[in-house]
Amino acid sequence: MSQLLTNTIAAIKPLDKTAMEKAAARQDLLTKPQGALGRLEEISIRLAGIQSKAIPVIKTKAVITMAGDHGVVAEKVGNYPQEVTPQMVLNFVRGGAAINVIARQIGARVVVVNMGVAGDLPADIPVVDKRVARGTKNIARGPAMTEAQAIQSIEAGIEVVNTEIDKGLDIVGTGDMGIGNTTPSAAICAVMSGQSVDKVTGRGTGLSDEQLQHKIKVIEKAIAVNKPDAKNGVDVLSKIGGFEIGGIAGVILGAAARGVPVVVDGFISGAGALIAEALAPQAREYMFLGHLSVEPGHRIMADKLGLKPIVTLDLRLGEGTGAAIGIFIAETSARILAEMATFGEAGVSEKEE
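Residues numbered from 1 in each chain as written. Predicted model: local features only at pLDDT ≥ 70, side-chain atom pairs only at ≥ 80, totals over all residues. Heavy atoms only, no water.

If you look the protein chain up in an unreviewed UniProt entry, it shows as Nicotinate-nucleotide--dimethylbenzimidazole phosphoribosyltransferase from Dehalogenimonas sp. 4OHTPN. In UniProt, the protein chain has this text filed under Sequence similarities (unreviewed entry): "Belongs to the CobT family." (UniProt positions renumbered as here; feature names shortened; annotations may be inferred.)

Okay, here's the thing in structure tokens:
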């Protein structure tokens, strides 16, 4: 591995237990029965450990949406043409997509990154250009990319999130755009979880029963042809992954190295999280799962990562939409810890012993 990736992984430290203990102690003093706010309490305590602050702060927020195309669309695994990827990138920068609406509501900036869009994009649009290549190769016939390209995609994610942290960033969400990207994500899920392809593969953008069976066969072929090593995140990414999936892994690793919490979006972001966790198991402690997708493999990813979804809204859009909703709830948990009165401050009698 190159120096940036090696140094980033080495910089990921265990959570600050002292800060977590102080946050937990304050939660027990707030004007409520202990534990009455459920997972909001748990989230705030872990935020304290990530930020090394007894009272964590969530003010500056961003969703980083990675875009990339996939050669496996040649196998007819979906219903939409590849031209949709650059068209949706333009929709993002114009502010017209679902992620833009939710991000405006929660006060987060949306950072759009070209990791590997196959089509051309206008040179003057506000998109971060980290394109590794014009889409990956067809994983049903060989590796998606070279090992060097896999590392390049991860490091691109690290560079993007480092730039955003330098601007000011308290929490980050991951997002994706790329026609065909549920196919490599299902392949990654199957390999890294040890589950069968049929258990982790869903209908993506709305496949029929016949199309779903074809998609499963294509993924099984991709795994058989490439033989990825489940214990080697770079090998899995290079053989059956995507450039945007590598970029998402890099965002997670880079944020963890800088003590910034990451809210992971859906199925494609989950694939990136599996790659990140394979490279740096400690990074898992910095992740929150924004939501549980209706893609069947997403629950398997969540179990593999040991993460509970913040919400379950039957989303299957991507873009970072579920991550943005998770960011809102994470901010709510931090504000409760900071702003809610203690029994002593409010003059409220505590529980009788």
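Chemist: Explain the UniProt feature "active site" (unreviewed entry) in the protein chain here, please?
Modeler: Following the UniProt record, one finds the feature "active site" (unreviewed entry) at Glu319. Structurally, the position occupied by Glu319 is in the loop between β7 (309-311) and α14 (321-339). Once you skip the residues sitting within four places of it in the chain, Glu319 turns out to touch Val63, Thr65, Met88, Phe92, Ala97, Ala98, Ile99, Gly175, Asp176 and Asp265. (Helix = DSSP H or I, 4+ residues; strand = E, 2+ residues; numbered from the N terminus. Contact = heavy atoms within 4.5 Å.)

Chemist: Explanation requested: the nonpolar core in the structure shown.
Modeler: Note that soluble globular proteins tend to have their nonpolar side chains buried in a common cluster. Counting 117 residues, the largest nonpolar core has Ile64, Val172, Ile188, Ile252, Leu253 and Ile275 as its most contacted members. Ranked by residues supplied to this core, first place goes to helix α11 (residues 243-257) with nine residues. In this view, Ile252 contacts Thr174, Val262, Val264, Gly272, Ala273, Ala276, Ala283 and Met287; residues no more than four positions away in its chain are not counted. (Core = buried A, V, L, I, M, F, W, Y, C linked by side-chain atoms within 4.5 Å. Buried < 20%, exposed > 50% of the residue type's maximum accessible area, 1.4 Å probe, protein only.)

Chemist: Would you explain the sheet that holds strand β5 (residues 262-264) in this entry?
Modeler: Here we have seven strands laid out as an open sheet, ordered β3-β2-β1-β4-β5-β6-β7, and parallel in their pairing. Two strands in the sheet have a free side with no partner beyond their single neighbour: β3 (128-129) and β7. For strand β4 (residues 171-177) and β5, the ladder comprises two bridges, and the chain directions are parallel. Along β5, the bridge assignment pairs Gly173 with Val263. On top of the sheet, helix α3 (residues 39-51) reaches β6 (287-291) and β7; it is set at about 145° to β6, its chief contact. Strands β1 (61-68), β2 (108-116), β3 and β4 of the sheet are contacted by helix α6 (residues 147-167), whose axis makes an angle of about 155° with β2. (Pairing = 2+ DSSP bridges. Axes fitted to C-alpha atoms, helices over the stretch in contact; angles between N-to-C directions.)

Chemist: How should the pairing of β6 be read in this particular structure?
Modeler: Consecutive side chains of a regular strand alternate in pointing toward one face of the sheet and then the other. Burial runs high along β6: five of the five residues are buried. Pairing of β5 with β6 involves three bridges; the strand directions are parallel. When the sheet's bridge partners are listed, Val262 is paired in β6 with Met287. The parallel pair β6 and β7 is bridged by helix α13 (residues 296-305), and the resulting crossover is right-handed. (Right-handed = clockwise from strand over helix to strand, strands pointing away.)

Chemist: Explain the environment of Ala156 here, please?
Modeler: Within the secondary structure, Ala156 is located in helix α6. Note on Ala156: relative accessible area 4%, which makes it buried. Here the alpha-carbon distance between Ala156 and Leu237, two residues 81 residues apart in the chain, equals 14 Å. Not counting residues up to four positions away in its chain, the partners in contact with Ala156 are Met115 and Lys130.

Chemist: Looking at this structure, how should I read the packing of helix α12 (residues 267-279) against α13?
Modeler: Interaxial distance between α12 and α13 falls to 10 Å at its minimum, and their mutual angle equals 25°. In terms of axis orientation, α12 runs roughly parallel to α13. At the point where α12 passes α13, the crossing takes the left-handed sense. For the pair formed by α12 and α13, the contact residues are Phe267, Gly270, Ala271, Ala273, Leu274 and Glu277 on the first element and Gly297, His298, Met301, Lys304 and Leu305 on the second. Its residues assigned to classes, the contact of α12 with α13 shows six nonpolar, three polar and two charged. (Parallel < 35°, antiparallel > 145°, perpendicular 65-115°, else oblique. Left-handed = near helix turned anticlockwise from the far one by under 90°. Nonpolar A, V, L, I, M, F, W, Y, C, P; charged D, E, K, R; others polar.)

Chemist: Just checking my understanding: could you explain the environment of Ile219 for this structure?
Modeler: With respect to the helices and strands, the residue Ile219 is situated in helix α9 (residues 209-226). Given the relative accessible area of 0%, Ile219 is considered buried. Taking the C-alpha atoms as reference, Ile219 lies 22 Å from Leu292; in sequence the two are 73 residues apart. In this view, Ile219 contacts Thr183, Ala186, Ala187, Val197 and Thr201; residues no more than four positions away in its chain are not counted.

Chemist: Even after reading the chapter, I still don't get the side chain of Glu41, so can you show me in this structure?
Modeler: For Glu41, the location among the structural elements is in helix α3. On the basis of relative accessibility, which here comes to 7%, the residue Glu41 falls in the buried class. Those residues in contact with Glu41 that lie beyond four places of it in its chain are Gln27, Lys32, Pro33, Gln34, Gly35 and Ala36.

Chemist: For this particular structure, what's the right way to read α3?
Modeler: Each full turn of the α-helix corresponds to 3.6 residues, which orients residues three or four apart in the same direction. Over its 13 residues, α3 runs 18 Å from end to end, which matches the ideal 18 Å to within 8%, given 1.5 Å per residue. Here α3 lies mainly inside the structure; ten of its 13 residues are buried. The set of residues buried in α3 consists of Glu41, Ile43, Ser44, Ile45, Arg46, Leu47, Ala48, Gly49, Ile50 and Gln51. Contact partners of the buried residues in α3: α2 (17-27), β6, β7 and α14. Taken from the residues just after α3, Ser52 is the one with a positive phi, measuring 55°. (Expected span 1.5 Å × (residues − 1).)

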